[in-house]
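# Examination of the molecular architecture
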Amino acid sequence: MVDDGRDARRPHGELVADVLAVLWAAGGPMTPQQVNASLGRGLARTTVATILIRLHEKGTLVRIRSGRGFAYLAADDAAGLAAGRMRRELEGDPSRELVLKRFVSSLSEGDEDVLRRLLLESEGPGERA
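These figures come from a predicted structure and were not determined experimentally. (Residues numbered from 1 in each chain as written. Predicted model: local features only at pLDDT ≥ 70, side-chain atom pairs only at ≥ 80, totals over all residues. Heavy atoms only, no water.)

Our focus in this paragraph is the confidence of the model for the chain. Mean pLDDT over the chain works out to 87, with 86% of the residues at or above the 70 mark. Counting contacts from residues 1-7, a segment whose pLDDT is below 50, to residues more than four positions away or on other chains yields 0 contacts. (pLDDT = per-residue confidence, 0-100. Contact = heavy atoms within 4.5 Å.)

With that settled, the discussion passes to the layout of surface pockets. Taken as a whole, the largest pocket holds about 350 Å³ of empty space. Around the largest pocket, the lining comprises 13 residues; the ones closest to its centre are Met-86, Arg-87, Leu-90, Leu-100 and Phe-103. When contributions to the lining of the largest pocket are tallied by element, the ones reaching two or more residues are helix H4 (78-91), helix H5 (96-105) and helix H6 (109-122). Ranked by residues supplied to the lining of the largest pocket, first place goes to H4 with 5 residues. Here the lining of the largest pocket is built from residues that sort into 10 nonpolar, 1 polar and 2 charged. (1 Å grid on protein atoms, 1.4 Å probe; cavity = no way out; pocket = protein on both sides within 12 Å on 5 of 7 lines; lining within 4 Å. Points joined across faces, edges and corners; volume = space filled by probe spheres on them. Helix = DSSP H or I, 4+ residues; strand = E, 2+ residues; numbered from the N terminus. Nonpolar A, V, L, I, M, F, W, Y, C, P; charged D, E, K, R; others polar.)

Inspection of the secondary structure puts Asn-36 in helix H2 (residues 32-39). Here Asn-36 is in contact with Arg-41, Leu-43, Ala-44, Arg-45 and Val-48, once residues within four sequence places are set aside.

As a further point, take helix H3 (residues 45-57). Since the α-helix turns once every 3.6 residues, residues separated by three or four places project in the same direction. In this model, H3 (13 residues) spans 18 Å end to end at C-alpha, consistent with the 18 Å of a helix rising 1.5 Å per residue. Residues Val-48, Ala-49, Ile-51, Leu-52 and Leu-55 constitute the buried set of H3. One face of H3 carries all of its buried residues, which in axial projection span an arc of 160 degrees. Gly-59 occupies a position one or two residues after H3 and carries a positive phi of about 90 degrees. (Expected span 1.5 Å × (residues − 1). Buried < 20%, exposed > 50% of the residue type's maximum accessible area, 1.4 Å probe, protein only. Arc of directions from axis to C-beta.)

Taken together, the side chains of Met-86, Phe-103 and Val-104 make up a nonpolar region of the molecular surface, amounting to roughly 260 Å² of accessible area. Along the chain, the position of Val-104 falls in helix H5. (Patch = residues over 30% accessible without salt bridge, like charges linked within 9 Å, V, L, I, M, F, W, Y side chains within 5 Å. Areas by Shrake-Rupley, 256 points an atom, 1.4 Å probe, with all protein chains shown as cover. Salt bridge = Lys/Arg side-chain N within 4 Å of Asp/Glu carboxyl O.)

Let us now look at the pairing of strand S2 (residues 69-74). The pairing of strand S1 (residues 61-66) with S2 spans 6 bridges and is classified as antiparallel. Of the residues in S2, the one forming a bridge with Leu-61 is Ala-74. Connecting the antiparallel pair S1 and S2 is a turn made up of 2 residues, with Gly-67 showing a positive phi of about 65 degrees. (Pairing = 2+ DSSP bridges.)

Applying the stated rule across the entire model yields 0 aromatic pairs. A cation over an aromatic ring shows up here: Arg-63 above the ring of Phe-70, its NZ or CZ 4.0 Å from the ring centre. The residue whose ring lies beneath Arg-65 is Phe-70, and the NZ or CZ to ring-centre distance is 4.4 Å. (Phe/Tyr/Trp six-rings, centres within 6.5 Å; stacked < 30°, edge-to-face > 60°. Lys NZ or Arg CZ within 6 Å of the ring centre and 35° of its normal.)

Printed below as a string of structure tokens:
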């Protein structure tokens, strides 16, 4: 059996998560070169640039001019990105009520309590029954 080196490669999703972690930790815009240096993996310049461009195209990152290129920063924190994914999944399903019902029924008792509290907090003071 021939070893083509693929076992040593990390899954693409893990690299994306690491790029996002670097940007969140930075707290400000970073160029592709700065992101690559922070990752410390010796990746090709084009690999990191491609990931940043694709995340920008998806709306996950914001980019701003930096010299002749761009610097990138996260459009939202990790919780905001997860909430956006959940909302898009829900919006894409024609049976929203069933999806919500199954989601709620799969929650732990503690998560149900948190969700109930959050829903009550989101209601205006005059709207509570």
